[in-house]
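Okay, here's what each chain looks like letter by letter:
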Amino acid sequence: MTQEEAFHIPRTVRVLLLSVFTMNTCSFMAIPLLALYLQNRLRIPGWQIATILSVNLICGRVFPILGGLIADRTSYGSSMVAGMAFRVLGFTGFAFSTHFFWLVACAALVGLGGAIYDPAVSAIFSIQPEELRRKLFTYFNQALNAGAILGPAVGGLLWRAGRSAPFLLAASVVAILAIMIGREGDLRLRREGGPSMAANLRTVLSDREFIYFLVGMSLFFMVFAQLYYSFPIEFFRRGHSESMAASIFVLNGTIGLTAMFVLRGVMERHAPLALVRWGALLVAAGMAMVPLGASLPWMLFCVALFSLGETLVLPASDMHIAETAWVHAKGTYFGAFEISMAMGGTLGNFAGTALMANSSRTYLPWSVYAGLGLLLAVVLSWLIHRQRAGKACVGRPGLSPLES
């Protein structure tokens, strides 16, 4: 961010970018180590570990639509502070809890905290002036990736200091951040006179274009899940060590952070759905090329191609929602978008498990993943055609003539 750009970005928004980076850093500082912590330090049974992780995932991915509804009806700043408070309680609980019931409760609190915080912060970015909004979503994506790189590194160092250190530091930092956000008066302004939560929910559920988009994006998240499942397994199968498999995540985060410096101008000039389509094609290409080579450089090249596509897809998806969502229901739209992540990620985990179990056909899983990426590109092409034909606002109640 240049000094000139920073000057034109409101102070409140800069505080939000700091909060996004810090929240993601704290999440990646604590959550990736959670399974290891539960297994090696607390030595609890495997089914309990699976339950705790599943509760965190379900609360974090299913409840954001509720968090978005609440944020649209109250204030985005208050929702952010409430979400941070839940996370502080959850992280603190993990530092001191040893019993299964309390660990489940802590996992639920951390997940709910994200479910309340995430739609609100995305909605704030989406209501910024048009000339600033697209640029902000690229900064948003970079802040997320920077946190994803820094968080695991800090967490790994803290792990040596004691079992509770990552959780206590994460809780402390989020608490300080919540105080900072709470002091931003512009964020605490209550949203009066808007539609009811039920009306906003009906608006989202009756928005056919948005529902089509969610279904299409579920295909992407099925493929995206393989970054954490199929890619590491394939690395290990081809004779690369577990430590080398970890390079997948470093490379993915680094490309997400650095590529945006090059792509920012592209993302400001082109329509979001077109950018998502290009990203889907890059992801499909990265998946399709995996069976063509076995060396470490080749595998890293495929991961890089996948990561470049992902870097286009995720911020462009946010931009699309920001530009098409009804102004009174921005949080609800972003909350509903999380459902496609939950649905696609869950299906992707099961699909990856089934496809990678057959090690005799290396080409099969990667062909399926590439096919899903191509199918997403077809769906997006169809949606772009509908937009160009002037049908994008059909079935979207409540739009004012100006918005339509």
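Scroll up to find the structure this text is about.
Let me begin by describing the structure that accompanies this report. (Residues numbered from 1 in each chain as written. Predicted model: local features only at pLDDT ≥ 70, side-chain atom pairs only at ≥ 80, totals over all residues. Heavy atoms only, no water.)

Structural notes on the packing of helix H7 (residues 100-126) against helix H8 (residues 130-159)
So the rule is basically this: Angles here are taken between N-to-C directions and fall from 0 to 180 degrees, while the axes themselves are lines fitted to C-alpha atoms, restricted in helices to the stretch in contact. For the purposes of this entry, the term helix denotes a DSSP run of H or I that reaches at least four residues, the term strand denotes a run of E that reaches at least two, and both are numbered from the N terminus. In what follows, residue pairs with any heavy atoms lying within 4.5 Å of each other are defined as contacts. Residue type decides the class: Asp, Glu, Lys and Arg count as charged, Ala, Val, Leu, Ile, Met, Phe, Trp, Tyr, Cys and Pro as nonpolar, and the leftover types, Gly among them, as polar.
Orientation of H7 relative to H8, taken along the N-to-C sense of each, is 145°, at an axis distance of 9 Å. For the pair H7 and H8, the contacting residues are Val 121, Ser 122, Phe 125 and Ser 126 in the first and Arg 133, Leu 136, Phe 137 and Phe 140 in the second. Looking at the contact of H7 with H8 residue by residue, the class counts come to 5 nonpolar, 2 polar and 1 charged.

What to know about the nonpolar core
Defined as follows: By convention a nonpolar core is built from buried Ala, Val, Leu, Ile, Met, Phe, Trp, Tyr and Cys residues, the set being connected through side-chain atoms within 4.5 Å. In this scheme, a residue with accessible area under 20% of its type's maximum is buried, one over 50% is exposed, and one in between is partly exposed, where area comes from a 1.4 Å probe on protein chains only.
Among the nonpolar cores identified, the biggest contains 111 residues, and Leu 38, Ile 52, Met 80, Met 84, Phe 94, Phe 125 and Phe 231 are the most heavily contacted of them. Looking at which element gives the most residues to this core, the answer is H7, with 11 residues.

A word on unusual backbone geometry
Although it is not a glycine, Arg 43 adopts a positive phi angle of roughly 50°. Considering the arrangement of structural elements, one finds Arg 43 in the loop between helix H3 (34-41) and helix H4 (46-62). We classify Arg 43 as exposed; its relative accessible area is 67%.

What about the pattern of salt bridges?
What counts here: Within this document, salt bridges are pairs made up of a side-chain nitrogen of Lys or Arg and a carboxyl oxygen of Asp or Glu, the two lying within 4 Å of each other.
Per the counting criterion, the structure on display carries 4 salt bridges. Among the salt bridges present, the one from Glu 338 reaches Arg 61, with a minimum N-O distance of 2.5 Å. Of this pair, Glu 338 sits in helix H17 (residues 330-356) while Arg 61 sits in helix H4, and the two are 277 residues apart along the sequence. Looking at Glu 338, the relative accessible area reads 8%, which means it is buried. Measuring nitrogen to oxygen at the nearest pair gives 3.0 Å for the salt bridge that ties Glu 268 to Lys 135.

Things to note about the environment of Leu 132
Within the secondary structure, Leu 132 sits in helix H8. The exposure class assigned to Leu 132 is buried, which follows from its relative accessible area of 10%. Separated by 124 residues in the primary sequence, Leu 132 and His 8 place their C-alpha atoms 8.6 Å from one another. The contact partners of Leu 132, leaving out residues within four places of it in the chain, are His 8, Ile 9 and Pro 10.

Quick look at the environment of Val 327
Relative to the helices and strands, Val 327 is located in the loop between helix H16 (296-324) and H17. Between the C-alpha atom of Val 327 and that of Ser 126, which follows or precedes it by 201 residues, the distance is 9.0 Å.

Let's talk about the packing of aromatic side chains
Rules: A pair of Phe, Tyr and Trp rings is counted when the ring centres sit within 6.5 Å of each other, with Trp represented by its six-membered ring. The angle between the planes then sorts it: under 30 degrees is stacked, over 60 is edge-to-face, the rest tilted.
Enumeration over the complete set of coordinates arrives at 19 aromatic pairs. Ring centres 4.8 Å apart and planes at 65° place the aromatic pair Phe 210 and Tyr 333 in the edge-to-face group. In this pair, Phe 210 is assigned in helix H11 (residues 208-224) and Tyr 333 in helix H17, connecting sequence segments 123 residues apart. Just as Phe 210 is buried, Tyr 333 falls in that class too. By the ring-pair criterion, three or more aromatic residues cluster together here, those being Phe 213, Phe 220, Phe 221, Phe 224, Phe 231, Phe 306, Phe 337, Trp 366 and Tyr 369.

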